[in-house]
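# Observations on the three-dimensional arrangement
Okay, here's what each chain looks like letter by letter:
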Amino acid sequence: MSVTNFLKKPLFSLPARQELPNLRHFFRRLWLIFGGATLLLVLSFVVFESIGSSLEEQRAATVRAVNLLGRQRTDSQVLSRLMLQAESSTLPLQTYYLGRIDLVWGLMNTCEESIHSNTLVQHATGGQLADIHKKLEQAHGSYLKTAQVMKKLYPRTDATSTLLGGMGEKLIEECDAMAASLDQASHKLIVVNTDIDEHIRLLDWLQIAVTGSITLITAWLLTRGQISTMERLIDTSLKVQELSYLQNAVLESAACGIISMNTKGLIATFNCGAEKLTGYSRQEVVGSLTPELFHDAPEMERMAAELARDTGKAVAPGFEIYVSYATFGTIREHECSYVRKDGSRVAVSLSMTGMLDDDGEVTGFLGIVTDITEKKKLEQQFLRAQRLESVGTLAGGIAHDLNNVLTPILMSIELLRLTNTNARTLSILGGIESSARRGADLVRQILTFARGVEGKRTELRAGPLIKDIQHFVQDTFPKNIHCISSLPEDLPSFLGDATQLHQILLNLCVNARDALPTGGTVAITACSTILDEAAAALQMDAKPGAYVMLSVSDTGIGIPPDVVDKIFDPFFTTKEIGKGTGLGLSTVLSITKSHGGFITVTSEPNRDTTFTICLPAVPNTGKCSAPPPAEVQPMPLGKGELILIVDDEEAIRTTTRQTLEALDYRTMVAADGVEAVAIYSQHNAEIAVVLTDMMMPIMDGPATILMLQRINPEVKIIASSGVSHLGGPAKVAEMGVRHFLPKPYSAQTVMTTLNLVLHPSDTWRETSVKSMTL
């Protein structure tokens, strides 16, 4: 049987039209049965609920009565103990105990009034009620005798041993009698409460039985002689028609493509989702061979190879692939590519199953095709993030060694400048310093895209940032490159580091300049947008909310499609050798992610290219500030203080020692933490400051700091490291070290920091070490 005939075949036969009028009588009888059953259930519920509420109130009253008697019994025992202690105590303590006796007696009076002012038991039988009242009367008699004893003590407050003598025994006797009577009454009340609980359980079972009986009777009335009537009266043709309409509505409204075909591969069903996915209309594909229409030869060969690998049987490329899958199982979310009508490819997820008849024979195939283009883009973004993380781990590992190499170079240059005044020598030193600083910048740039950067977050506006970059571009770029900007006045603010965002826009503008070898236009624009849940799901690092969008566009040569997915990879560049490091866009991506934003790029060969930075927006508060200008500080000199230098790199130890000694400091050096602790334990009275590396063999920086602080809690320490991005400043701050030097550091940085440590009251401005590093 073909799929078309299968879909057209009615499920039931149409009943005779003359039987339809009896349907009103049938439904009238149903309403009567349901209405009567509902009324009985409601009445039974009201009756049982009323009885149950009465029993619950009686149980609650019984529990309150038991608690009240128990409290009175406890107070009577406390009263007798206080009287005995008062008799055996001296005069000062007797006054205290008499006060406590007065307090307890007041509680007993209140409790006794509550006992005799309320009906304690309502559910007890005649015999139980008589026993309870008898015990309560006995307890009340003991209470009255106790009251007579208490009247002899009060209102007098000058009690003596003569006054108290003998009262304790009489009071204990009456209190014990009262406690015994109250205890017996409480036991009787507990028995009454148990009876109430039993009645409540019986009531619950009775309610269940009545409800079940009504339900069974209703079911019996509904089924008695009605099954055959229902079979005769249901208009199956109308039902099938409604189901057919529903089926078509679901089929056409589905976002995914739904395609059915017969055993020869001829398409029988092709919904609107399939039309949008493939670009073909329903009239064009019905009757076509599916594999040859949507798959090219390489794709069919790949699918055949996968099936042969999974099943162990060779399958010819073509429609036999679907037949084989139906034989061995169902295709579940098989990823492949479809060829659209215009020749373009679209990534899809294909699920296919065979349609079977009553004999289990395959009569056709039903396929569900879903466009997974956006899913593939997210996967590519995730893989790119993983590649960045892997390279970042490598970059972070070598950063320490690179900074250790650059530190002695930079310090040696400043040391040589102190002893050489020859212009040619100073020029050579300037070139060496420039190269070393470029190396330091390269290391810092690597760490920027590898680990991200925090920086100081302040409220910023897009306008000043873009205007600064625009002025820079107009002043430095070739005259055949025009820079334009578009800045709405109602843009919201965003939190960020102004220096890092300048770096982002500058990197993008430099890339735009390189894409305009013959001139063109660079456009810097800003706008605001709000991403909902659906839009945020399309970007890997996006969250729903308001964003400020900074865009840099150029009219250059564009980016080839096969390169777009690689442009953010570190060290990837399309420029000539020597004209680019491949870290510009990697740095842009890392800084953007550290600000909680994301970046998008749109480009086509020989057309415009646009990079868009999206940063989370914040309400404008009017507190936007620009970073303060850098101040050049003179290099302070030492006054003969002794500095202990701890570093596992000999070049750093030697260069730092020579520099400090040339600037009027005395020095001692140690190659690791163990040696440093040994030296400091012998010379701690002379050593003014300890300058220690954080990553050393044998004993690292944190362990060394702890040992030095044990020897001298007031020791002054400056920590340094070539991998400050791993949280070094925060770690040493937790250990009480206030100063941290990221490597590579210069003589200016070291001398300024030493002066801050040794002379905190001087007029030297205390600047963060991070702002003084290269």
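Residues numbered from 1 in each chain as written. Predicted model: local features only at pLDDT ≥ 70, side-chain atom pairs only at ≥ 80, totals over all residues. Heavy atoms only, no water.

## As for the overall build of the chain
Filter applied, for reference: Note on conventions: DSSP H or I runs of at least 4 residues are helices, E runs of at least 2 residues are strands, and numbering of each starts at the N terminus. Three labels apply to residues, based on accessible area from a 1.4 Å probe with only protein chains included: buried if under 20% of the type maximum, exposed if over 50%, partly exposed otherwise in between. For this analysis, residues touch if any pair of their heavy atoms sits within 4.5 Å. Surface accessibility follows the Shrake-Rupley procedure with a 1.4 Å probe radius. Residue values consider only the protein chains on display as shielding.
Check the secondary structure of the chain and you find 26 helices and 17 strands. Out of the 774 residues belonging to the chain, those deemed buried represent 40%. Of the contacts formed within the chain by residues at least 6 apart in sequence, a portion of 70% connects residues at least 24 apart. Of the accessible surface of the chain, which amounts to about 42,000 Å², a share of 58% is contributed by carbon and sulfur atoms.

## Quick notes on the pattern of salt bridges
Cut-off, in case you're wondering: By definition, a salt bridge exists where a carboxyl oxygen of Asp or Glu is found within 4 Å of a side-chain nitrogen of Lys or Arg.
Counted under the stated rule, the structure contains nine salt bridges. Note that Arg513 is salt-bridged to Asp514, the shortest N-O span being 3.1 Å. Of the residues examined, Arg513 reaches a relative accessible area of 31% and is grouped as partly exposed. Asp514 sits in the partly exposed class, given a relative accessible area of 33%. For Asp647, the salt bridge identified is with Lys743, shortest N-O distance 2.8 Å. Residue Asp647 is located in the loop between strand S13 (642–646) and helix H21 (650–662), and its partner Lys743 is located in the loop between strand S17 (739–742) and helix H25 (747–758); the two are separated by 96 residues in the primary sequence. One connected set of salt bridges, linked through shared partners, spans Glu56, Arg59 and Asp197.

## A closer look at the sheet that holds strand S14 (residues 666–670)
The following threshold applies: Strand pairing is defined by DSSP finding a minimum of two bridges between the two strands. For every element, the axis is a line fit to its C-alpha atoms; helices are fit only across the contacting stretch, and the angle between N-to-C directions ranges from 0 to 180 degrees.
Taken in spatial order, the five strands of this open sheet run S14-S13-S15-S16-S17, and their pairing is parallel. Because the sheet does not close on itself, it has two edges, and the strands there are S14 and S17. Averaged over neighbouring strand pairs, the angle between their axes works out to 20° when direction is ignored. Two strands pair when backbone bridges link them, and S13 and S14 are joined in this way by five bridges, in the parallel orientation. Across the sheet, Leu642 pairs through a bridge with Arg666, a residue of S14. Packing of H21 onto the sheet brings it into contact with S13, S14 and strand S15 (687–693), and relative to S14 it is tilted by some 170°.

## Quick notes on the packing of aromatic side chains
The condition is simple: When the centres of two rings from Phe, Tyr and Trp lie within 6.5 Å, Trp using its six-membered ring, the rings pair. Their planes under 30 degrees apart give stacked, over 60 give edge-to-face, and anything left gives tilted.
Counted under the stated rule, the structure contains two aromatic pairs. A centroid spacing of 5.3 Å and a plane angle of 15° characterise the contact between Trp105 and Tyr143, whose relative ring orientation is stacked. In this pair, Trp105 sits in helix H3 (residues 91–117) while Tyr143 sits in helix H4 (residues 126–153), placing the two residues 38 residues apart along the sequence. The exposure classification of Trp105 matches that of Tyr143, with both residues buried. Note on Tyr547 and Phe598: the rings are 5.4 Å apart at their centroids and 70° apart in plane angle, and the pair reads as edge-to-face. Of this pair, Tyr547 sits in strand S10 (residues 545–554) while Phe598 sits in strand S11 (residues 598–603), placing them 51 residues apart in sequence.

## Thoughts on the confidence of the model for the chain
In low-pLDDT regions, the fine details of the predicted coordinates are not to be read closely. Formally: Confidence scores here are pLDDT values: one per residue, from the predictor, ranging 0 to 100.
Considering every residue of the chain, the mean pLDDT works out to 76; 78% of them sit at 70 or more. When mean pLDDT is compared element by element in the chain, S13 scores highest at 93, while helix H26 (residues 769–772) scores lowest at 34. Confidence drops under a pLDDT of 50 for residues 626–632, and excluding neighbours within four residues, the segment shows two contacts in the predicted structure. Note that pLDDT drops below 50 for residues 763–774; the model gives that stretch 30 contacts with residues more than four away or on any other chain.

## Comments concerning the environment of Val63
Of note, Val63 is situated in helix H2 (residues 22–87). Judged by relative accessible area, which is 39%, Val63 ranks as partly exposed. Sequence separation of Val63 and Val192 is 129 residues, and the distance between their C-alpha atoms is 10.0 Å.

## What to know about H25
What counts here: In this analysis, the expected span of each helix is defined as 1.5 Å times one less than the number of residues it contains.
Compared with an ideal rise of 1.5 Å per residue, which puts 12 residues at 16 Å, H25 spans 16 Å between its outermost C-alpha atoms and is within 8% of the ideal. Burial analysis of H25 places 11 of its 12 residues in the buried class, which makes it a mostly covered element. Residues Ala747, Thr749, Val750, Met751, Thr752, Thr753, Leu754, Asn755, Leu756, Val757 and Leu758 constitute the buried set of H25.

## Quick word on helix H16 (residues 462–476)
Helix length check: H16, at 15 residues, gives a terminal C-alpha distance of 21 Å against a target of 21 Å (1.5 Å per residue), a fit within 8%. Looking at the buried residues of H16, the elements they touch are strand S6 (458–460), strand S7 (481–486), strand S8 (493–496), helix H17 (498–514), strand S9 (520–531) and S10.

## Section: the state of the cysteines
Rule in force here: Put simply, a disulfide is two cysteine sulfurs that come within 2.5 Å.
Under the counting rule described, the total for this entry stands at zero disulfides. No disulfide involves Cys509; its sulfur sits 6.0 Å from that of Cys483, the nearest cysteine.

## A look at the environment of Lys188
Within the secondary structure layout, Lys188 lies in helix H6 (residues 167–223). A relative accessible area of 32% places Lys188 in the partly exposed class. Spatially, the C-alpha atoms of Lys188 and Val66 are 9.3 Å apart, while their sequence positions differ by 122 residues. With sequence-adjacent residues up to four places away left out, Lys188 is seen in contact with Asp131 and Ile132.

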